[in-house]
Number of protein chains: 2
Amino acid sequence: MTGRPVNHQRRAELLDAAVDYATEHGFADLSWRPVARALGVSTTTLVHHFGTKEQMLEAILGRLRERAFAATSAAVGDQPDLAALAAAARAVWTRASDPRQGAEFRLFFAVYGQALQSPGQFAEFLDRVVADWMRALIDAQKTDRTTATRTATLVIATIRGLLLDLLATGDDDRVQDAAAAFLATLEER
Amino acid sequence: MTGRPVNHQRRAELLDAAVDYATEHGFADLSWRPVARALGVSTTTLVHHFGTKEQMLEAILGRLRERAFAATSAAVGDQPDLAALAAAARAVWTRASDPRQGAEFRLFFAVYGQALQSPGQFAEFLDRVVADWMRALIDAQKTDRTTATRTATLVIATIRGLLLDLLATGDDDRVQDAAAAFLATLEER
DNA sequence: TTGTCGCTAGTACGATCGTTCTAGGAATGG
DNA sequence: CCATTCCTAGAACGATCGTACTAGCGACAA
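Here we summarise the structure given alongside this text. (Residues numbered from 1 in each chain as written. Chains lettered and ligands numbered in written order. Predicted model: local features only at pLDDT ≥ 70, side-chain atom pairs only at ≥ 80, totals over all residues. Heavy atoms only, no water.)

1. Re the interface of chain B and chain A
Here comes step 1: Opposite the 36 residues of chain B that make contact, chain A presents 36 residues.
Here comes step 2: The junction of chain B with chain A conceals about 3100 Å² of combined surface from both sides, 69% of it contributed by carbon and sulfur atoms.
Here comes step 3: At the boundary of chain B and chain A, one finds 2 salt bridges.
Here comes step 4: The shortest N-O distance in the salt bridge between arginine 150 of chain A and aspartate 177 of chain B comes to 2.8 Å.
Here comes step 5: Seen at the junction of chain B and chain A, the total is 9 residue pairs in polar contact (both at pLDDT 80 or more).
Here comes step 6: Mapped by element, the contributors of at least two residues to the side of chain B that touches chain A are helix H1 (8-25), helix H6 (102-117), helix H7 (123-139), helix H8 (145-169) and helix H9 (172-187) of chain B.
Here comes step 7: Of all the elements, H8 of chain B adds the most residues to the side of chain B that touches chain A, at 13 residues.
Here comes step 8: Tallied by class, residues from the side of chain B that touches chain A come to 21 nonpolar, 10 polar and 5 charged. (Contact = heavy atoms within 4.5 Å. Buried area = accessible area lost by both parts, 1.4 Å probe. Salt bridge = Lys/Arg side-chain N within 4 Å of Asp/Glu carboxyl O. Polar contact = N/O pair within 3.5 Å; in protein donor to acceptor, adjacent residues only side chain to side chain. Helix = DSSP H or I, 4+ residues; strand = E, 2+ residues; numbered from the N terminus. Nonpolar A, V, L, I, M, F, W, Y, C, P; charged D, E, K, R; others polar.)

See the structure below:
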């Protein structure tokens, strides 16, 4: 009577594959058919699992933010107490500036930019893109909330700004030098 | 014999109007027809002046970068010698964080993100998006080239990172507080 | 076994896309 | 005036878009 049960794992597989596709082929002009071809399924299959294209995009960027944050937040949490923020920032930067992460962060900033121009559609992304890291970086500090917030804001902004520079210019020497200087000032607190 | 002369001003008018349109309606899925409707011309007119859509996009982002840089570089140049960099950075930040500039910088970051995923098409944008400011900020300093480059890189990255935060969260108090702290450290050099 | 429902695919529809073709007024140099 | 060239518009092309509809297959509960 109840019929065949829903296979949630199947949707997760397709979503991960879709994120990989977006990482390689860009996010701006994603459409059902090319994604379906790359994944070896029909467009109908994607529609069935994601509903509308808009919903698939939301799912993709949700998964993307999840990936990006999970991979770095692990490094944030496992730090000794003293100078925890500086160590966390260094760990995040080391991982983020790894060339192997380039494609994923290019996609991240592409989504970020698009979200800024469609705040309605990407509301959750915009809400959490800063807040998730803020929470983690504030927890890593022992100072009062005001200065902790101020420092966390600066750390997030500087790392992202440097990453934008690195991805745009590929000038590793210059950007790494600036990053090292910033991280050094962070440890002098 | 020579016929009617080319009207370059007409193209500039259309380009400025197209940038305005992109500022309001987004950059990701721009197409001839909606732009033409908004500008009160036919799509053929746009094709005539810009060639292909790709060329129009390049023209738009070139003009956009020109606008964004010109408006702020003026503030950079007209500073007294002492603490020129700090004053320049403060001027740039004051203008960039003005809510009235929000739409333009949203477009700027949307283009930036798209360019990161299509480096071939937007090569010139990526080349100049950092280099233009770098040159101006290095010239504003009297220290050796190495530290001047390092500082300029950090100033650009931090300002852009803070701007990303401000545009995403709208949390003016927190971001302005962090910006003030950063600019203060800049003046202590 | 049988009825139910998830999963997949194929097809088709209307809309919109970028671009080309055709052609008529406007403005300029000879 | 005339020839030439720019500017603009309208129509049409094939391609691709998102999505709905139909239907067959497979897995599960009763």
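Still more ground to cover, so stick around.
2. A closer look at the protein's contact with DNA strand D
Here comes step 1: The immediate surroundings of DNA strand D are formed by 28 residues, with Thr2 and Ser31 of chain A together with Arg10, Ser42 and His49 of chain B found nearest.
Here comes step 2: Among all atoms of DNA strand D positioned within 4 Å of the protein, those belonging to sugar or phosphate total 66%.
Here comes step 3: Between DNA strand D and serine 31 of chain A, the relevant distance is 2.6 Å, taken from a phosphate oxygen to a side-chain nitrogen or oxygen of the residue.
Here comes step 4: A distance of 2.6 Å separates a phosphate oxygen of DNA strand D from a polar atom in the backbone of serine 42 of chain B.
Here comes step 5: Elements represented by at least two residues in the surface near DNA strand D include exactly helix H2 (32-39) of chain A together with helix H3 (43-50) of chain B.
Here comes step 6: Examining the composition of the surface near DNA strand D, we find that 4 residues originate from one element, H3 of chain B, more than from any other. (Near = heavy atom within 4 Å.)

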